[in-house]
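In case you want the letters, here they are:
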Amino acid sequence: MACKKNSPTIAVTGITPLAGLQNTAVTITGTGFNAVDSVRFTGITAIINTLTATQMVVTVPAKASTGNITLYSKGMATTYPSVFTVTSFTTTTLPAANGTFKGLVIANIAADAAGNIYCNTNKDTVYKITSSGVKSMLAIAGAGSTILGGTAVDATGNVYTVGTNDFKIYKITPAGAVSVFAGSGVSGFADGQGTATLFTAPAGIAIDAAGNLYVTDVYRVRKITPAGMVSTFAGGGTAGKVDGLGTAATFGAYGNLMNITIDATGNVYVSEGIYNYSPAAVDYIRKITPAGAVTTTAAVPWGGGPALTSLLAVDADGNIFMPQMIYPPYGNSYFSDPINMVNRTGYSSDFYDLSKLSLYGVGATGITFDASGNMYISAAISSGSAIIKFVFK
């Protein structure tokens with residue numbers, strides 16, 4: 001649909017999405033865009049990321065509100081008739097999370113289709129927390145000395161978790177039955193079928209819509225099919241920061257790969273942080289297409305002081321959320337816990353600061369989205385843990 005006002009040369013035929021958070025990337029299609037001088041959301045000028053005669057990608061301004069999008073050319077306006085809704089959110093804390101994890105740190109969270117949260121405490125036990133905050137033990141994976149890493153849930157409710165120090169990928173059914181899905185239990189490197197394979201030091205895990213698992217290993221990302229076939233998806237096994245196809249790419253120049261997430265179209269994202277406590281340091285986000293092509297999509301500055309972060313999750317619009325914990329510069333006592341949002345054009349912005357919740361000693365330990373688009377962040381606080389739920393509307 002096109003709507004013109006005082007401009008015979010510019011027409012807008014579509015805007016995608018028509019709802020999103022401030023700083024979301026929005027694609028506008030039409031004709032005559034080479035003549036566009038500016039784009040405004042309810043009068044607020046947007047950043048134009050890319051521009052051709054028939055398509056542009058813009059960033060929703062930080063102060064935009066719900067209303068129409070207008071394109072300007074030499075003072076003439078073209079307004080798209082459909083309203084763009086600027087999404088807002090509310091935060092709640094799952095009622096039982098802190099009290100039932102007293103003295104423990106919830107980590108590596110994942111959500112199922114019903115909004116249940118699965119997590120571990122970097123030990124051998126996987127817990128289930130319902131949407132109302134009721135906690136139960138799902139299963140014990142590995143031996144008592146097993147340290148669990150990332151967690152993922154498939155469409156039928158099976159939970160997968162990583163044994164970081166026993167080099168295994170565990171599968172847990174909704175009934176709590178545990179099996180070793182991949183990995184022999186010996187550190188090394190070997191692709192193949194199921195328990196005949198070797199992982200060097202697996203850490204993070206994510207799952208796509210087809211049920212394929214992606215696991216971060218040392219300088220590599222490994223792929224496991226639903227049948228248990230393990231292959232090397234990207235990374236050649238040596239440290240570096242080289243973009244390329246599959247094993248021609250290198251990872252880990254700034255630290256081990258930790259967290260991993262997947263968007264709705266099957267693109268995989270991993271984070272690489274510099275762990276040297278430098279105030280000028282950044283986190284790099286590496287993107288891997290379904291075909292295995294690796295690019296560096298964004299460099300997220302820490303800002304304000306040294307920080308540690310490698311957490312990330314992606315929403316339905318392709319925005320990546322990265323919680324950070326920024327430590328105070330020497331001689332100061334304050335710290336902050338910002339959540340950065342990186343849109344699909346690589347534009348980074350501050351989304352929210354967990355410190356606003358007045359939780360003493362907040363430090364994010366996990367992040368995930370559920371099937372309804374709600375975001376959950378687990379955080380370590382003075383007396384244990386909390387899970388904060390962000391409901392977008």
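The structure displayed is predicted, hence computed values, not measured ones. (Residues numbered from 1 in each chain as written. Predicted model: local features only at pLDDT ≥ 70, side-chain atom pairs only at ≥ 80, totals over all residues. Heavy atoms only, no water.)

## Focus: the sheet that holds strand β20 (residues 192–193)
Note the threshold: Between any two strands, pairing holds if DSSP finds at least two bridges. Secondary structure is summarised from DSSP: a helix means a run of H or I of at least four residues, a strand means a run of E of at least two, and numbering begins at the N terminus for each.
Reading across the sheet, the five strands line up as β20-β24-β23-β22-β21 and stay open at both edges, with antiparallel pairing between neighbours. The outermost strands of the open sheet, each flanked by one partner alone, are β20 and β21 (205–207).

## Quick word on the sheet that holds strand β38 (residues 363–369)
As a reminder, the rule being used: Axes, fitted as lines to C-alpha atoms, cover a helix only where it is in contact. Angles between the N-to-C directions of the axes lie from 0 to 180 degrees.
With respect to topology, four strands assemble into an open sheet ordered β11-β40-β39-β38, the strand pairing being antiparallel. Since the sheet does not close on itself, it has two edges, and those belong to β11 (89–93) and β38, each with one partner. Between one strand and the next, the sheet's axes are offset by a mean angle of 20 degrees, whatever the strand orientation.

## Some details on the pattern of salt bridges
Note on pairing: side chains with opposite charge can pair once their charged atoms come close. Which entries qualify depends on this criterion: We define a salt bridge as a side-chain nitrogen of Lys or Arg found within 4 Å of a carboxyl oxygen belonging to Asp or Glu. Only protein chains enter the accessibility calculation, which uses a 1.4 Å probe; a residue is then buried when its area is under 20% of its type maximum, exposed when over 50%, and partly exposed in between.
Following the criterion strictly, the structure yields four salt bridges and no others. Asp 217 is the partner of Arg 222 in a salt bridge, and the nearest nitrogen-oxygen pair spans 2.9 Å. Taking the relative accessible area as the measure of exposure, Arg 222 reaches 0% and is therefore buried. For Arg 286, the salt bridge goes to Asp 243, with nearest N and O atoms at 3.0 Å. Placement of Arg 286 in strand β30 (residues 282–288) and of Asp 243 in the loop between β25 (239–240) and β26 (244–245) is noted, with a sequence separation of 43 residues between them.

## Some thoughts on the environment of Ala 107
Looking at the element boundaries, Ala 107 is found in strand β12 (residues 107–111). Sequence separation between Ala 107 and Gly 366 is 259 residues; the distance between their C-alpha atoms is 5.3 Å.

## Examining unusual backbone geometry
Here the bond from Thr 16 into Pro 17 is cis, since omega is -10 degrees, no more than 30 degrees from zero. Structurally, Pro 17 is set in the loop between β1 (11–16) and β2 (19–20). One non-glycine residue, Thr 42, adopts positive backbone phi at about 45 degrees. With respect to the helices, strands and loops of the structure, Thr 42 is situated in the loop between β4 (38–41) and β5 (44–45). One non-glycine residue with positive phi stands out, namely Phe 167, at about 65 degrees. Note on placement: Phe 167 falls in the loop between β17 (159–163) and β18 (168–172).

## Points about the packing of aromatic side chains
The line we're drawing: The criterion for an aromatic pair is that two Phe, Tyr or Trp rings (for Trp, the six-membered ring) have centres within 6.5 Å, with stacked assigned to planes under 30 degrees apart, edge-to-face to planes over 60 apart and tilted to the rest.
Summed over the entire model, instances satisfying the criterion amount to 12 aromatic pairs. For the ring pair Phe 41 and Phe 84, a centre distance of 5.4 Å and an interplane angle of 90 degrees mean the geometry is edge-to-face. With Phe 41 in strand β4 and Phe 84 in the loop between β9 (76–79) and β10 (85–86), the pair connects residues that are 43 residues apart, well separated along the chain. Considered together, Phe 41 and Phe 84 belong to a single accessibility category, that of buried residues.

## Observations concerning the confidence of the model for the protein chain
Basically, it comes down to this: On a range of 0 to 100, pLDDT expresses the predictor's confidence in each residue. Residue contacts are defined here by distance: any two heavy atoms, one from each residue, within 4.5 Å place the two residues in contact.
Per-residue confidence for the protein chain gives a mean pLDDT of 88, with 88% of residues at or over 70. Confidence drops under pLDDT 50 across residues 1–7; counting only partners more than four residues distant or on other chains, this segment forms 20 contacts.

## Some remarks on the environment of Gly 211
Within the element layout of this structure, Gly 211 appears in the loop between β21 and β22 (213–217). For Gly 211 and Ile 224, which are 13 residues apart along the polypeptide, the C-alpha to C-alpha distance reads 8.9 Å. Apart from residues no more than four positions distant in its own chain, Gly 211 is found in contact with Ile 224 and Pro 226.

## A closer look at the environment of Thr 24
As a reminder, the rule being used: We define a polar contact as two N or O atoms separated by no more than 3.5 Å, with the added condition that, inside protein, one atom must be a possible hydrogen donor and the other a possible acceptor, whereas residues neighbouring each other in sequence contribute only through side-chain atom pairs.
Tracing the backbone through its elements, the reader meets Thr 24 in the loop between β2 and β3 (25–31). Among the residues examined, Thr 24 registers a relative accessible area of 0% and is labelled buried. The spacing of Thr 24 and Ser 348 is 324 residues in sequence and 9.8 Å in space, taken between C-alpha atoms. Each residue touching Thr 24, except ones within four places of it in the same chain, is listed here: Val 58, Thr 59, Val 60, Asp 317, Asn 319, Met 341 and Asn 343. Within polar-contact distance, the side chain of Thr 24 engages the backbone oxygen of Leu 21 at 2.9 Å. A polar contact of 3.1 Å, which involves the side chain of Thr 24, links it to the side chain of Asn 319.

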